[in-house]
Amino acid sequence: MPMERIGIQEVPEKVSTGSTEQAGQSYKGFFVPPDQVAAVWEYVLPHIRAAVVHSEGELEPEDVFPLLCMGEMQLWVVVNETKIQATVITQIIDYPRKNVLRVLCLGGRGLKNWYHLFYQIEDFARSNDCSAIEAWARKGFEKMLPDWKSSYQILTKELRKDT
């Protein structure tokens, strides 16, 4: 689906736009401004739902929607000629000693075909004084992201209320 059709015509100046030709398809990356999130929500929702299945229940799509609309989280989409192929949700995290951009959700298809467009998210992070990007991801992503390092693992233990 052309982004222009739903009102997203340009990426803010701080964020680079990119495109590429892969296997006869053209991929473009877009930052979705907060006031345009509702216009693309039905198209990105399946990607978000598929990604949260692999989480520990921290967030559901209905939790991130208002945060995206308020600009507290950022929505990114990768589009081929006719369809949104992938969705990325990020959030700036202010640690006491540094800021990082956290990838909260990455859903969709064809990461190897469009990953080189990730520089747009990196540019956004730099322009917002982030010194790193972090992602809480499944182990399988390590192989797909060779320029990232696995810093540590997050272990979880569910606590049950005593009845």
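Described in the following lines is the structure provided in the data block. Here the structure is a predicted model, which is why all the values come from computation and not from measurement.

Basis of the calculations
- Residues numbered from 1 in each chain as written.
- Predicted model: local features only at pLDDT ≥ 70, side-chain atom pairs only at ≥ 80, totals over all residues.
- Heavy atoms only, no water.
- Buried < 20%, exposed > 50% of the residue type's maximum accessible area, 1.4 Å probe, protein only.
- Helix = DSSP H or I, 4+ residues; strand = E, 2+ residues; numbered from the N terminus.
- Arc of directions from axis to C-beta.
- Contact = heavy atoms within 4.5 Å.
- Expected span 1.5 Å × (residues − 1).
- Salt bridge = Lys/Arg side-chain N within 4 Å of Asp/Glu carboxyl O.
- Axes fitted to C-alpha atoms, helices over the stretch in contact; angles between N-to-C directions.
- Parallel < 35°, antiparallel > 145°, perpendicular 65-115°, else oblique.
- Left-handed = near helix turned anticlockwise from the far one by under 90°.
- Nonpolar A, V, L, I, M, F, W, Y, C, P; charged D, E, K, R; others polar.

1. Some details on helix H2 (residues 61–69)
Here comes step 1: Within H2, burial applies to Pro-61, Val-64 and Leu-68. Buried positions in H2, seen along its axis, are confined to an arc of 65 degrees and lie on one side of it.
Here comes step 2: Along its buried surface, H2 packs onto helix H1 (37–52), strand E3 (74–79) and strand E4 (84–94).
Here comes step 3: Trailing H2 by a residue or two, Gly-71 shows a phi angle of about 85 degrees, which is positive.

2. Observations regarding H1
Within an α-helix, residues lying three or four positions from one another point in the same direction, as the helix has 3.6 residues per turn.
Here comes step 1: Under the 1.5 Å per step criterion, the end-to-end length of H1 is only 18 Å for 16 residues, more than 12% shorter than the ideal 22 Å.
Here comes step 2: Three or more residues of H1 are buried, namely Val-37, Val-40, Trp-41, Val-44, Leu-45, His-47, Ile-48, Ala-51 and Val-52.

3. A short note on the pattern of salt bridges
Here comes step 1: Scanning all chains against the criterion turns up three salt bridges.
Here comes step 2: Close ionic contact of Arg-126 with Glu-122 constitutes a salt bridge, the shortest N to O distance being 4.0 Å. Note that Arg-126 and Glu-122 are positioned in helix H4 (residues 119–127) at a spacing of four residues, about one turn of the helix.
Here comes step 3: Given a relative accessible area of 54%, Arg-126 falls into the exposed group.
Here comes step 4: With relative accessibility at 24%, the residue Glu-122 sits in the partly exposed group.
Here comes step 5: A salt bridge links Arg-126 to Asp-123; the nearest nitrogen and oxygen atoms lie 3.2 Å apart.

4. Describing the packing of H1 against H2
Any two packed helices are characterised by how steeply their axes cross, that is the angle between the axes, and by the distance between the axes.
Here comes step 1: Where H1 contacts H2, the axes come no closer than 10 Å and their chain directions differ by 140 degrees. In terms of orientation, H1 lies oblique with respect to H2. Every pair of crossing elements has a handedness; the one defined by H1 and H2 is right-handed. Here H1 contributes Val-37, Ala-38, Trp-41, Leu-45, Ile-48, Arg-49 and Val-52 to the contact with H2, which in turn contributes Pro-61, Val-64, Phe-65, Leu-68 and Cys-69.
Here comes step 2: Residues that form the contact of H1 with H2 fall into these classes: eleven nonpolar, no polar and one charged.

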